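Each chain is listed here by its residues.
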Amino acid sequence: SRLFLHHEAIPEFRSGGEVVGMDSMTMGFAVATSVPTDGLAVGDKVEFEWVLGPDDPAGSIVRIERLDPETELDFGDGATSDPPDGGGAHDGHAP
């Protein structure tokens, strides 16, 4: 399956072994078949782990959990409100 999420900036994002960072944006993510997405709804705030690898260069979400609705997220430019599309957000880049 695939989820579209508006995520926070990922300053430590690496490409080709170099830290290049990634701005906050809305992206489509593949979801590993082992990850349950039942019960997630548009507007839920989530934390997820996105793993990229040689066999999966686009990456897949390997863990996702819903956050408290009162969790404050930072989408840059001082904005800490919900994303305009109502999607969830990346709350920490684990990969």
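Residues numbered from 1 in each chain as written. Predicted model: local features only at pLDDT ≥ 70, side-chain atom pairs only at ≥ 80, totals over all residues. Heavy atoms only, no water.

Looking at the element boundaries, D44 is found in the loop between β4 (25-31) and β5 (46-53). On the accessibility criterion, D44 (17% relative accessible area) is buried. Reaching out from D44, the side chain makes a polar contact with the backbone nitrogen of A41 at a distance of 2.7 Å. Polar contacts involving the side chain of D44 include one to the side chain of R66, which spans 2.8 Å. (Helix = DSSP H or I, 4+ residues; strand = E, 2+ residues; numbered from the N terminus. Buried < 20%, exposed > 50% of the residue type's maximum accessible area, 1.4 Å probe, protein only. Polar contact = N/O pair within 3.5 Å; in protein donor to acceptor, adjacent residues only side chain to side chain.)

Quick look at the nonpolar core now. Counting residues in hydrophobic clusters, the biggest one holds 15 residues, and the most contacted among them are L5, F29, F48, W50, I61 and I64. Counting only elements with at least two residues in this core, the list comes to β1 (2-7), β4, β5 and β6 (56-66). Setting aside its immediate chain neighbours within four residues, I61 contacts L3, L5, F29, A30, V31, A32, V35, F48, E49 and W50. (Core = buried A, V, L, I, M, F, W, Y, C linked by side-chain atoms within 4.5 Å. Contact = heavy atoms within 4.5 Å.)

In this structure, β1 lies alongside β4, joined through six bridges in antiparallel fashion. Directly across from L3, in β4, lies its bridge partner F29. Pairing of β4 with β6 involves two bridges; the strand directions are parallel. Paired with V31 across the bridge in β6 is I61. (Pairing = 2+ DSSP bridges.)

This part is about the pairing of β5. Two strands pair when backbone bridges link them, and β5 and β6 are joined in this way by seven bridges, in the antiparallel orientation. The partner of F48 across the bridge, within β6, is I64. Here β5 folds back onto β6, and the loop between the two strands holds two residues.

Turning to the environment of D74, a few remarks are in order. Along the chain, the position of D74 falls in the segment after β6. Assessed through its relative accessible area of 40%, D74 is described here as partly exposed. A sequence separation of 66 residues divides D74 from E8, and the C-alpha atoms of the two residues are 6.0 Å apart.

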